[in-house]
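Fold and contact review
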Amino acid sequence: MAVKKILSYGTESLRVKSKEVLKISKKIQVLVQDLLDTLYAKNGVGLAAPQIGENVRIFVIDTASGDEPLNPRVFINPKIIKKSGAVNSYEGCLSFPEAYTNVRRYKNVTVKAIGMNGRPFILEAKDGDLLARAIQHEFDHLEGILFIDHCRNRFEANKVLAENGLAPIDENYLLDEEYLEEEIAKNPEEKENH
C-alpha cells in the first residue's frame, strides 16, 4: 500500500481520543496495511493510526527482531482489561525521532481486541516484555496520551526533548502514577531495566 508520514510531537491531533472502528471496511484494511508498511519502513515496534493522521482505534505491533520472521499483530478497538505490577521502561516513539526516556509501565497486561479477520481475541503480555510495554504505548496513542506523559524524571525528559529540537513536556498532561513509581522503587533491578 503506502508508507505514510508520521506526525511529530506537537501535532494537535496526537492529543485527541480516537473513535471506535464500526466496520472492517476496505478503507480500514488499507489503513492497517499502510500502518504496517510505515512501521517496517521506519524500523518501529508499534504504530497507532493517530500517528499517521487517522484518529481511529487501531494499532499494529511487531516485536520480531534480528533474523526472526516478521510477526505483525493488528489490534482494532483494543481494551486493556487487566494490568498488574510495574516496570521501568526506556522508550522512544516514532513521533519523537531519537528521543528516549525512562517511563513507568505496568509489568503485565491483558488486552482484548478485534483482529483483521473481524474476530475478537485476548492476548496476555507478561514480565514487562517488549510486547507488554508496546501494547500500553500504542494503546495510549488511541487515548491521546504520549509516552512522555509517563516520564519518571520530567527534567531528564525535557533535556532529551530539547537536545532533539522538541518542545518541553506539557505539565497538564503528566500522569500521577504514584503506585507504579512505588512498585518500581521496591524492585531495584527494575529501575534501569530495558
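Small disclaimer: the values here were computed from a predicted structure and weren't measured. Residue numbers restart at each chain and count upward from 1, following the sequence in its written direction. Local features in this predicted model are restricted to residues of pLDDT 70 or higher, and side-chain atom pairs are both shown and tallied only at a pLDDT of 80 or more, whereas totals for entire chains, interfaces and linings draw on every residue. Excluded from the side-chain calculation are hydrogens and water; included are all heavy atoms of the structure.

**Some remarks on the overall build of the chain**
What counts as a helix is a DSSP run of H or I of at least four residues, what counts as a strand is a run of E of at least two, and both are numbered from the N terminus. Along its length, the chain carries five helices and seven strands. Computed over C-alpha atoms, the radius of gyration of the chain comes to 16 Å, within 12% of the 16 Å expected from 2.2 N^0.38 for 194 residues, which places it in the range of a compact globule. Principal-axis analysis of the C-alpha atoms places the extent of the chain at approximately 45 × 35 × 35 Å. Under the scheme applied here, a residue whose accessible area is under 20% of the maximum for its type counts as buried, over 50% as exposed, and between as partly exposed, the area being computed with a 1.4 Å probe on protein chains only. Out of the 194 residues belonging to the chain, those deemed buried represent 45%. The globule rule used here is 2.2 Å times the number of residues to the 0.38 power, and the radius of gyration it is set against is calculated over C-alpha atoms.

**Thoughts on the packing of aromatic side chains**
Two aromatic rings from Phe, Tyr or Trp, using only the six-membered ring of Trp, form a pair when their centres are within 6.5 Å; if the ring planes differ by under 30 degrees the pair is stacked, by over 60 it is edge-to-face, and anything between is tilted. Across all of its chains, the model carries five aromatic pairs by this definition. Plain terms: the ring middles of F59 and F75 are 4.6 Å apart, the flat faces sit at 25° to each other, and that makes the pair stacked. Placement of F59 in strand 2 (residues 58-61) and of F75 in strand 3 (residues 73-84) is noted, with a sequence separation of 16 residues between them. Of the two residues examined, F59 and F75, each falls in the buried class. Taken together, a centroid distance of 4.9 Å and an interplanar angle of 90° make the contact between F96 and F147 edge-to-face.

**Re the pattern of salt bridges**
What makes a salt bridge here is a side-chain nitrogen of Lys or Arg within 4 Å of a carboxyl oxygen of Asp or Glu, nothing more. Scanning the model with the defined rule gives 15 salt bridges in all. The partner of K4 in a salt bridge is D34, with the nearest N and O atoms 3.9 Å apart. You can see K4 sitting in the segment before helix 1 (26-41) and its partner D34 sitting in helix 1, a full 30 residues away along the chain. Put simply, R152 and E181 hold a salt bridge, and the shortest N to O gap is 2.6 Å. Taken together, the residues span a long stretch of sequence, with R152 in the loop between helix 2 (130-143) and helix 3 (154-163) and E181 in helix 4 (residues 178-186) at a distance of 29 residues. With relative accessibility at 25%, the residue E181 sits in the partly exposed group.

**Notes on helix 1**
A helix is expected to span 1.5 Å for every residue after the first. The end-to-end C-alpha separation of helix 1 is 22 Å, in line with the 22 Å expected for 16 residues at 1.5 Å each. Of the positions making up helix 1, those classed as buried are I28, L31, V32, D34, L35, L36, T38 and L39. Contact criterion: two residues are considered in contact whenever any of their non-hydrogen atoms come within 4.5 Å of each other. As for helix 1, its buried residues are in contact with strand 1 (46-48), strand 2 and strand 3. Directly after helix 1, the chain includes N43, whose backbone phi takes a positive value near 55°.

**Digging into the pairing of strand 6 (residues 108-114)**
With six bridges joining them, strand 3 and strand 6 adopt antiparallel strand pairing. Paired with I76 across the two strands is I114, which belongs to strand 6. Note: two strands are recorded as paired if DSSP finds a minimum of 2 bridges between them.

**Some remarks on the sheet that holds strand 7 (residues 120-125)**
Strand order in the open sheet made by the five strands is 1-2-3-6-7, with antiparallel pairing throughout. Taken across any chain shown, the strands that pair with only one partner, and hence form the sheet edges, are strand 1 and strand 7. Put simply, the sheet's adjacent strands are angled 35° from each other on average, direction ignored. Strands in contact with helix 1 are strand 1, strand 2 and strand 3; relative to strand 2, the strand with the most contacts, it is inclined by about 40°. Lines fitted to C-alpha atoms define the axes, with helix axes restricted to the stretch in contact, and inter-axis angles between N-to-C directions lie between 0 and 180 degrees. Where helix 2 meets the sheet, its contacts fall on strand 1, strand 2, strand 3, strand 6 and strand 7, and the angle it forms with strand 2 comes to roughly 155°.

**Considering the environment of A185**
Here A185 shows up in helix 4. Distance from A185 to N88, taken between C-alpha atoms, is 9.4 Å for residues 97 residues apart in sequence.

**Some details on the state of the cysteines**
For the purposes of this analysis, a disulfide is any pair of cysteine sulfur atoms at a distance within 2.5 Å. A complete count under the given rule lists zero disulfides for this structure. Cysteine C93 remains unbridged, with the sulfur of C151 as its closest cysteine sulfur at 14 Å. Of the residues examined, C151 reaches a relative accessible area of 5% and is grouped as buried.

So, to be careful, I would describe these as geometric facts and stop short of saying anything about function.
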